[in-house]
Amino acid sequence: MHWLVGSIDGVTAYLQAGLIDRLLVLRVPTPAPPGCKEGDLLIANGSIYGTKDAGRRWWMWLRDCMVKVGFIESVFERCMFLLFEGNNLVCILISHVDDLFYGRDPLNAFVKAALEALSKLIDIKFVDKDLTFLGRRVQQDDDSTIHITQVESSQNLKDIDIEKSRAKQRESLLTPAEVTDLRSGNGSLGHIARHGRYDLLTQTSLLAQIQSRAKVKHILEFNKAARDCREGATTELVFHSDTGITLENVCVFANADSSLNNADDPLYGERTKSQCGHIEGICNQQVLDKALGGRVMLVEATSATIKRVCRATLSAETNGVLEGSESVSYLRMLLAECKFPHMSIKDLELNARQIPSGIITDAQSLKSHMDADTGQVADKKLRVLTAQLRQ
């Protein structure tokens, strides 16, 4: 599609959101600002940073402005707005508080007019092609290929300090202060992993599951993951512009895999839970046909511990594939909304089923079971999961 990507930043966003509909009384801080004296009470007539309703008030204001200039709010993703010229999609815009990101047809005058109208309603700044959005560096080449990196965030992830004598006590439970450090560090690692460093997803997920009974060895595991993060700081996601994938020929895929009893659980013990991972994205028909020339673009990657205890590999693999299939269904609905404006959810669901999709797994046992016309597994929960897949 060769769209142009860019970001929009709301300037002093909350203060633009208009009047508030409640009484908010503020005491003048010390030292008092010019024109006030200590002890004065002020009545706020606009949104104030730090108050609970400020973010929502800004969101309502932003949504109203987007609709005024012609955007349609997605019925599935409330932070996504679509702009159509007739029935042709010409711009997609997503919002995260006062940070917006968009992709648009660079030659379309209708889009330019809509964004200019938006800039007259809201004080905003535009940045195209080379920008930073939520800690990620986004660069677009002249041929429209997009590169996403997190160099600064990755390099700034620090190890948790631990003395050598303490590090030798691998099986000792962490102190409350050490648990806090682990939670904070793993939270930062998880943010980086979910937004492009997919090679770190498993480490951060496994660490998150055990934190209520974390031991010294888990700090050492985090420090290793943090070093891996820093060493691979220049890792990038690349979205090539020559895939030939369009809204007219788009297909959806998921690749799911699971590992049996490789995750610790604070209640059931070590190596009692199973880990599943799946990636979803859009692709061309060759991928589904297992033919040469397959092209893909990743949309999401997930690594998570399966909540229930799995007794066999088939159960773990089924859980992973089911998670991936649900993500595929959701992605098909979003694509259907992009293809068919002003359509009811029921009709969108029917049209979404027309978008080709496929689930990739290396679990031959699961495939054989799904292909079989007869026979049932003894595990009732597993029967329910396979029934969901067939549906």
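Residues numbered from 1 in each chain as written. Predicted model: local features only at pLDDT ≥ 70, side-chain atom pairs only at ≥ 80, totals over all residues. Heavy atoms only, no water.

### Quick notes on the overall build of the chain
The criterion, for reference: Helical segments are the DSSP runs of H or I of at least four residues, strand segments are the runs of E of at least two, and each set is numbered from the N terminus. To sort residues, take the accessible area from a 1.4 Å probe on protein chains only and compare it with the maximum for the residue type: under 20% means buried, over 50% means exposed, and anything in between is partly exposed. Note on contacts: a residue pair is in contact if any heavy atoms of the two residues lie within 4.5 Å. Residue-level accessible areas treat just the shown protein chains as cover; the underlying method is Shrake-Rupley with a 1.4 Å probe.
What the chain contains, in helices and strands, is twelve helices and 16 strands. Taken along its principal axes, the extent of the C-alpha atoms in the chain is 75 × 65 × 40 Å. Looking at the chain as a whole, 42% of its 391 residues qualify as buried. Across the chain, contacts joining residues at least 24 apart in sequence account for 66% of those joining residues at least 6 apart. Just so you have it, the chain exposes about 21500 Å², and 53% of that area is on carbon and sulfur atoms.

### Some remarks on the pattern of salt bridges
It is possible for side chains of opposite charge to pair when their charged atoms get near one another. Selection criterion: Whenever Lys or Arg places a side-chain nitrogen within 4 Å of a carboxyl oxygen from Asp or Glu, that contact is recorded as a salt bridge.
One pass over the structure, following the stated rule, counts 15 salt bridges. Residue Asp159 is joined to Arg230 by a salt bridge in which the shortest nitrogen-to-oxygen separation is 3.1 Å. Placement of Asp159 in the loop between helix H3 (151-155) and helix H4 (164-167) and of Arg230 in helix H7 (residues 216-231) is noted, with a sequence separation of 71 residues between them. Relative accessible area serves as the criterion here: at 27%, Arg230 is assigned to the partly exposed category. Bridged by salt links that share partners, the residues Arg63, Asp64, Glu73 and Arg78 form one connected network.

### Here's the deal with the packing of aromatic side chains
In this description, an aromatic ring pair is defined by two values, namely the gap between the centres and the angle between the planes. To keep things clear, this is the line we draw: Here a Phe, Tyr or Trp ring, Trp counted by its six-membered ring, pairs with any other such ring whose centre lies within 6.5 Å, and the pair is stacked when the planes are under 30 degrees apart, edge-to-face when over 60, and tilted otherwise.
If you walk through the whole model with that rule in mind, you get three aromatic pairs. Ring centres of Trp59 and Phe81 lie 5.7 Å apart, and the angle between their planes is 40 degrees; on these two criteria the pair is classed as tilted. In this pair, Trp59 is assigned in helix H1 (residues 54-68) and Phe81 in strand S5 (residues 80-85), connecting sequence segments 22 residues apart. Judged by relative accessible area, Trp59 falls into the partly exposed class, the value being 21%. Considering the side-chain rings of Tyr102 and Phe126, the 6.5 Å spacing of their centres and the 65 degrees angle between planes classify their relative orientation as edge-to-face. Of this pair, Tyr102 sits in strand S7 (residues 99-104) while Phe126 sits in strand S8 (residues 124-128), placing them 24 residues apart in sequence. A relative accessible area of 35% places Phe126 in the partly exposed class.

### A closer look at the nonpolar core
Operational definition: Residues belong to a common nonpolar core when they are buried Ala, Val, Leu, Ile, Met, Phe, Trp, Tyr or Cys residues joined through side-chain atoms within 4.5 Å.
One finds Leu89, Val138, Ile282 and Leu335 to be the most contacted residues of the largest nonpolar core, which totals 31 residues. Mapped by element, the contributors of at least two residues to this core are S5, strand S9 (130-133), strand S11 (146-149), strand S12 (236-239), strand S13 (251-265), helix H9 (313-339) and helix H10 (345-352). No other element matches H9, which puts seven residues into this core. Leave out the neighbours within four places in its chain, and Leu89 touches Trp3, Leu82, Leu83, Phe84, Leu247 and Cys338. Among the nonpolar cores identified, the runner-up in size contains 24 residues, and Ala13, Tyr14, Ala114 and Ile122 belong to it.

### Considering the sheet that holds strand S16 (residues 357-360)
To keep it simple, the criterion reads: Two strands are counted as paired when DSSP detects at least two bridges linking them. Between the N-to-C directions of two axes lies an angle of 0 to 180 degrees, each axis being a line fitted to C-alpha atoms and, for a helix, fitted only over the stretch in contact.
In spatial order, the strands read S15-S14-S13-S16; together these four strands make up an open sheet with mixed pairing. The two strands at the open ends of the sheet, each matched to only one other strand, are strand S15 (296-305) and S16. Geometrically, the sheet is characterised by an average inter-axis angle of 15 degrees between neighbouring strands, direction not taken into account. By the bridge criterion, four bridges tie S13 to S16 in an arrangement that is parallel. What sits directly across from Ala254, in S16, is Ile359.

### Digging into the sheet that holds S9
Spatially, four strands are ordered S9-S10-S11-S12 in an open sheet, and the strand pairing comes out antiparallel. This sheet does not close on itself; its edge strands, each paired only once, are S9 and S12. Each strand axis lies, on average, 20 degrees off the axis of its neighbour in the sheet, ignoring direction.

### Thoughts on the environment of Ile48
Summarising the element assignment, Ile48 is placed in the loop between strand S3 (41-43) and H1. Residue Ile48 is classed as partly exposed on the basis of its relative accessible area, which comes to 27%. Between the alpha carbons of Ile48 and Ser205 there is a distance of 36 Å; along the sequence they are 157 residues apart. What Ile48 contacts, discounting residues up to four positions off in sequence, is Leu24, Leu26 and Ala54.

### Details of the pairing of S12
Residues of S12 alternate between two faces, with Leu237 and Phe239 buried on one and Glu236 and Val238 left unburied on the opposite face. As defined by bridge partners, S11 adjoins S12 across four bridges and the pair is classed as antiparallel. By the bridge assignment for S12, Thr149 is matched with Glu236.

### Considering empty space enclosed by the protein
The condition that has to hold: Grid spacing is 1 Å over the protein atoms alone, the probe is 1.4 Å, and a cavity is where that probe fits but cannot get out, while a pocket is an open set with protein on both sides within 12 Å along at least five of seven lines and lining residues have an atom within 4 Å of a point. Grid points are joined across faces, edges and corners, and a volume is the space filled by probe spheres set on the points. In this count, Pro and Cys sit with the nonpolar residues alongside Ala, Val, Leu, Ile, Met, Phe, Trp and Tyr, while Asp, Glu, Lys and Arg are called charged and the others, Gly among them, polar.
The full count for this structure, using the stated rule, is one cavity of 30 Å³ or more. There is about 40 Å³ of room inside the largest cavity. Lining the largest cavity, in full, are Ile148, Thr149, Gln150, His195, Gly196, Arg197, Thr235, Glu236 and Leu237. Residues belonging to the lining of the largest cavity are distributed by class as follows: two nonpolar, five polar and two charged.

### So, the side chain of His218
The topology assignment puts His218 in helix H7. Beyond its immediate sequence surroundings of up to four residues, His218 is in contact with Leu182, Leu207, Ile210 and Asp264.

### What to know about helix H6 (residues 201-209)
Here is the rule: Of all possible arcs, the one meant is that of the directions from the helix axis to the C-beta atoms.
Among the residues of H6, those classed as buried are Leu201, Thr204, Ser205 and Leu207. Each buried residue of H6 sits inside an arc of 165 degrees when the element is viewed along its axis, so together they form one side. Buried-residue contacts for H6 involve helix H5 (176-194), H7, strand S14 (269-283) and S15.

### Concerning the packing of H9 against H10
Short version of the rule: Note that the term roughly parallel is reserved for angles under 35 degrees, roughly antiparallel for angles over 145, roughly perpendicular for angles of 65 to 115, and oblique for everything else.
Put simply, H9 and H10 touch, their axes get as near as 8 Å, and they point 110 degrees apart. Considering their axes alone, H9 and H10 lie roughly perpendicular with respect to each other. Residues Arg332, Met333, Ala336 and Glu337 of H9 form the contact with H10, whose participating residues are Ile345, Leu348, Glu349 and Ala352. Taken together, the residues that form the contact of H9 with H10 break down as five nonpolar, no polar and three charged.

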